[in-house]
Amino acid sequence: MTDVKRDRRSGERVAARVPVPINAQAGSVETTGFTRDLNKGGIFLYTDSRIVAGSELEMVLILPPELTQGTRQWVCCRASVVRVEDSEDGGDFGVAASIRSLEVLPEIPS
């Protein structure tokens, strides 16, 4: 019998390294990280703080043009952690999360 992992993603992920501030569990964990890949249904990121599966996250980040009809957009993202991967070398933790909501934020003129 073969062990087959099923990919539950709702769409193809876009590889993007985007810095992201992270608030977990209503502010009990505040940290930063960076994305590895994302789509409108999910995100995978790395952080140096341990976040447990089942945690609720709130993040503000810039979505790349591949996900926003050609322009970068600031969004507030609320997500639920579905998996955490421990680092093999003592570095960052990998966090896979399912996005529950995306709110487009207005551009602030410079």
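Structure shown above.
Residues numbered from 1 in each chain as written. Predicted model: local features only at pLDDT ≥ 70, side-chain atom pairs only at ≥ 80, totals over all residues. Heavy atoms only, no water.

1. Overview of the pairing of strand β6 (residues 73-85)
1) Next: Looking at chain direction, strand β5 (residues 56-63) and β6 are connected through eight bridges and run antiparallel. Bridge assignment links V60 to a residue of β6, and that residue is C76.
2) Next: Alignment of β6 against strand β7 (residues 93-104), held across ten bridges, turns out to be antiparallel. Bridging from a neighbouring strand, R83 pairs with A96 of β7. (Pairing = 2+ DSSP bridges. Helix = DSSP H or I, 4+ residues; strand = E, 2+ residues; numbered from the N terminus.)

2. Some details on the state of the cysteines
1) Next: Under the definition given, this model contains zero disulfides.
2) Next: C76 carries a free sulfur, and the closest cysteine sulfur to it, the one in C77, is 7.4 Å from it.
3) Next: C76 gets classed as buried once you look at its relative accessible area, which sits at 8%.
4) Next: A relative accessible area of 1% places C77 in the buried class. (Disulfide = S-S within 2.5 Å. Buried < 20%, exposed > 50% of the residue type's maximum accessible area, 1.4 Å probe, protein only.)

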